[in-house]
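# Overview (structure and organization)
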Amino acid sequence: MLVTGDSKYHNMANSQRIVIFFLISLLLTISIYTLMFSETADAQVSSNTLESIVNQTRSSGESAQIDMGGIPQYIFGDLLSDTIFVANYKGDHVNGTITAIDPNTYDVKTMLVGTNPTSIFGNRFFSNLIYVANSGSQLNDVNGSVSVIDTINNNVIKTIPVGINPRSVYGFADFATLLGDFGKGSSLYRIYVVNAGLMQGNVNGSVSVIDPYKNSVIKTIPVGNNPRSVSGILRFVNSIYVANSGSDTVSVIDTTNNTVIKTISVGNIPISTFGDPFSLRIYVVNSGPTPGNANGSVSVIDPYKNTVVKTIPVGNNPRSISGSFPPHIYVANSGSDTVSVIDTTNNTVIKTISVGNTPSAIFRNSFYSNLTYVANSGSDTVSVIDVNTYNVTNIHVGQSPSFVFGNPSESDTVFVANTGSNGVAVINSMKKEVVAGVAFNLIPLKSGSIICDTDLGRLDAPINHFLYVTSGAKCTAKPSKGFEFSSWSESLNGNSTRTVSASSGSNWTPMLDFFAIKLDDPASSSPFTSFLDFINVGSDDPAATLTVNRFGNFTAYFRALPSPLPAEYWATLFSVSVTAVVGAWLIPTSIGWIRLRKQISVLHSYHRNVTSLYNDHKLDERDLEELDSMNSNIADSYAKGKINNEQHANLKKEVSALYEEIYRK
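Residues numbered from 1 in each chain as written. Predicted model: local features only at pLDDT ≥ 70, side-chain atom pairs only at ≥ 80, totals over all residues. Heavy atoms only, no water.

## Overview of the overall build of the protein chain
- A count of helices and strands for the protein chain gives 11 helices and 41 strands.
- Every one of the 665 residues in the protein chain was classed for burial, and the buried ones make up 51%.
- Intrachain contacts of the protein chain at a sequence separation of at least 6 include 51% that bridge at least 24 residues.
- Taken as a whole, the protein chain presents about 30000 Å² of accessible surface, with 54% of it coming from carbon and sulfur. (Helix = DSSP H or I, 4+ residues; strand = E, 2+ residues; numbered from the N terminus. Buried < 20%, exposed > 50% of the residue type's maximum accessible area, 1.4 Å probe, protein only. Contact = heavy atoms within 4.5 Å. Areas by Shrake-Rupley, 256 points an atom, 1.4 Å probe, with all protein chains shown as cover.)

## Observations regarding the sheet that holds strand β34 (residues 448-454)
- One open sheet accounts for four strands, arranged β35-β34-β37-β40; its pairing is antiparallel. Pairing within the sheet leaves two strands with one partner each, and these edge strands are β35 (457-460) and β40 (545-548). Shown here is a sheet whose adjacent strand axes are inclined to one another by a mean of 30 degrees, direction ignored. (Pairing = 2+ DSSP bridges. Axes fitted to C-alpha atoms, helices over the stretch in contact; angles between N-to-C directions.)

## Concerning the confidence of the model for the protein chain
- Looking at the protein chain, the pLDDT average stands at 77 and 69% of residues meet or exceed 70.
- Least confident of the elements in the protein chain is helix α3 (residues 50-55), whose mean pLDDT is 29; most confident is strand β25 (residues 348-354), at 97.
- This model gives residues 1-10 a pLDDT under 50, and the stretch forms one contact once residues within four places in sequence are excluded.
- Under a pLDDT of 50 for its full length, residues 534-538 has, in the predicted model, eight contacts with residues more than four places off or in other chains. (pLDDT = per-residue confidence, 0-100.)

## Considering the side chain of D302
- Structurally, D302 can be placed in strand β20 (residues 297-302).
- Not counting residues up to four positions away in its chain, the partners in contact with D302 are R281, T307 and V309.

## Examining helix α10 (residues 624-639)
- The end-to-end C-alpha distance of α10 is 23 Å, a good match for the 22 Å that 16 residues give at a rise of 1.5 Å each.
- Restricting attention to buried positions, one finds in α10 the residues L624, L627, M630, I634 and S637. Buried positions in α10, seen along its axis, are confined to an arc of 145 degrees and lie on one side of it. For α10, the exposed residues lying more than 90 degrees away from the buried face are E625 and A639. (Expected span 1.5 Å × (residues − 1). Arc of directions from axis to C-beta.)

## A look at the environment of V438
- Its location among the elements puts V438 in strand β33 (residues 433-443).
- You can call V438 buried: its relative accessible area is 0%.
- For the pair V438 and L467, spaced 29 residues apart in the sequence, the C-alpha separation amounts to 5.7 Å.
- Dropping the residues within four chain positions of it, V438 is found in contact with H465, F466, L467, V469, V548, R550, G552 and F554.

## What about the sheet that holds β25?
- With antiparallel pairing, the four strands of this open sheet are ordered in space as β22-β23-β24-β25. Two strands close off the open sheet at either side, each with one partner strand: β22 (318-323) and β25. Between one strand and the next, the sheet's axes are offset by a mean angle of 25 degrees, whatever the strand orientation.
- Relative to strand β24 (residues 338-343), strand β23 (residues 328-333) runs antiparallel, the two being bridged by six bridges. Residue pairing for β24: Y330 is matched across the bridge by V341.

Below is the structure:
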C-alpha cells in the first residue's frame, strides 16, 4: 500500500493532536486542583502586604558591616573585657555614642556620651575603665569632656569637664607602677587629654591631667598651638610627647610633676606620634612638606636627650604611623597612596609600598601576626601588607574607611570604621576577606534547612548558632518534605522584625513554558507549586535565597503543603480530562478560574506600580500625582468588576498607608 505525503502529514497531525489533547487535559486538571484550594490562594494574596513589597526594594550596601547609627571615628579594643569599643559622631550639638561589640557573639550595646567623641583609651591590662575624649561643638567656646565607662557592665559612670576641643586621650604608667604599685594610688599613673583649643582667640592648646582613682582633673598644662596627638614609651622614661600641629613643635611633659620640661622643634604640621618601646625612640609624623621637598617627614626624638636625632623624608601628606616587632615602623602617606617602611636600627626608609587611594590609618599588631592593615578612604578598601614579603592584598570594605584596629584578644579579626556608610566591617585575617556574623532560625522547627555557599561548597548552616560567613554569601532556605518556603525575616532592636523577602511564587517549569504561562502572580502560585512539587517538576523559589551582606539574626519561615490528591482522584483523572476537553469553556469552575486569573493579573499590576514608587529609595510629595492616578484606576477597576470587594478593600488600605507615609514627612 502506498503512503502519500498527505497521509503522512495526516498521521503526524493526529499525533500532535494527541499530545496537545493530553497536555490540555493535564493543565485543566491542575486548574481544578487550584480551585479546590482557592482559599489558600486568597490567603497568599493577603499575606503579600505592602510592607513586604517595599522591604524587597531596599538595599543595605555592597559589603557586610555592623550598623553604628552614626559616623564611626575611632576603634579601641579592651583586652580585660574582651570588648571592641567604637566612637560614633552624631552631629553638632548632638550627643555621640560608644558602641560596645562582643567579638564572640557580636551582641552590641550603645551608650550616650558627649558631643563628637574622637578618641578612646584604656589600660588594657590593669583597669576596667576606659576614657572617651568628646571634642564638643566646634561652633562655640563650650569646653569638651571625657566620658568614663565601666567595661564590666558597659555603663557611663562619670563625665569629666576638660579643655576646649579635646582630640586625643592617653594613659601613662611608669615601669615601677606596672611592677606592683598599681592600684595603691600611684602618682605615676595618669590619664592625659590633649585639648586642641583654637576657639575665641585661644590659639594655644592644653593637656588635662586626670587622676583615674578619683576621675577628676588635677592639673591643666599649657602646650603649643593646636596639639593633636600624644604618646610615650612604657618603660623607664617618665615623659610624654605632645605634637603641636599649629606651632611645628613637640611639648615634652615630665609625668612625675606634670610640667613641660622642653619644647622641641620638628617638621611642618606634626599630627601623629608613636613611642617605640624597642628602639626607645619617639617618632613624629609631620604631614606638611619639608623645605625644598613637597613630601612629608618623620622626626626621630631621643627621649633621654629630648633632641631630634634624625629627620626621615617619607611620602606626600603622611597621616598615620604604626610600629612592628623590631626593627620596623610603618607610615601611611595619604597624598601619594603609599606606605613607607622605616628600619629603626638606622632610621632609613627601606621600602615604599603602593596601597589603595588616600591611606588614612594604619594598624600593626606584631605580637599576633605578620600583617599590617591600611585603611584607604579614597578607594573603600583595606590593604593588607605581609611584612615578610611586602605582598599587598586589597579588600573591599564599606565607604570611606578611616580607622582600622585589631582584636586585642586574638589575631584572626580586624575591625574597620567605615565613615561613609556608618558601619564597622570585620575582616577575617586568615582568609583576608570581609565576613558577616549571622545566626539562622527556622519556623516551624525541622521544616527545612539553610544551605550556604562556602569555599568548600554548599554546606548546611547550624541553626540558632552564631557563625561567620563570607560577605555576599548566598544562603538558601530549603524546605523539608511536606513544606514550602514562605519568607525571610530579620530581627531588629526592641524584639521587632521586618520582612526581608517573601515567596513570590515565580516557579517556572518546561511544561508551563510550552503554553507560554509563567506563574509570576504572588497569589496564584501556592496550589500550583504544591501540585508541581507533588509531581516533582517544580523549582526553587528565588526569594528563598538570602544574600548575607550585613550582621544579623535571620529566620526562614515555611508553611505546610496541602495534602496530596487521594488515590481515587487519580482513578477518575482520565474521565475528567475527556469531559474537560469537550466542555472546558462551558464549565462554570473554568470560567471562575479565568476570572480569578484576570483579577490576580490586575492586582499584580498595582503591586508593581507600588514598588515602582520606591525606585528612588524614598516616598515623598513628588509621588502624589502617580498615587492619585493609581487610586482612580483602582476605583475604575472595581466599578467594572475587574476586582472583587475584598481585593478592592485591601488595595484601598495600601494606598491610604502610602498617603499617610507621604504626609507624615
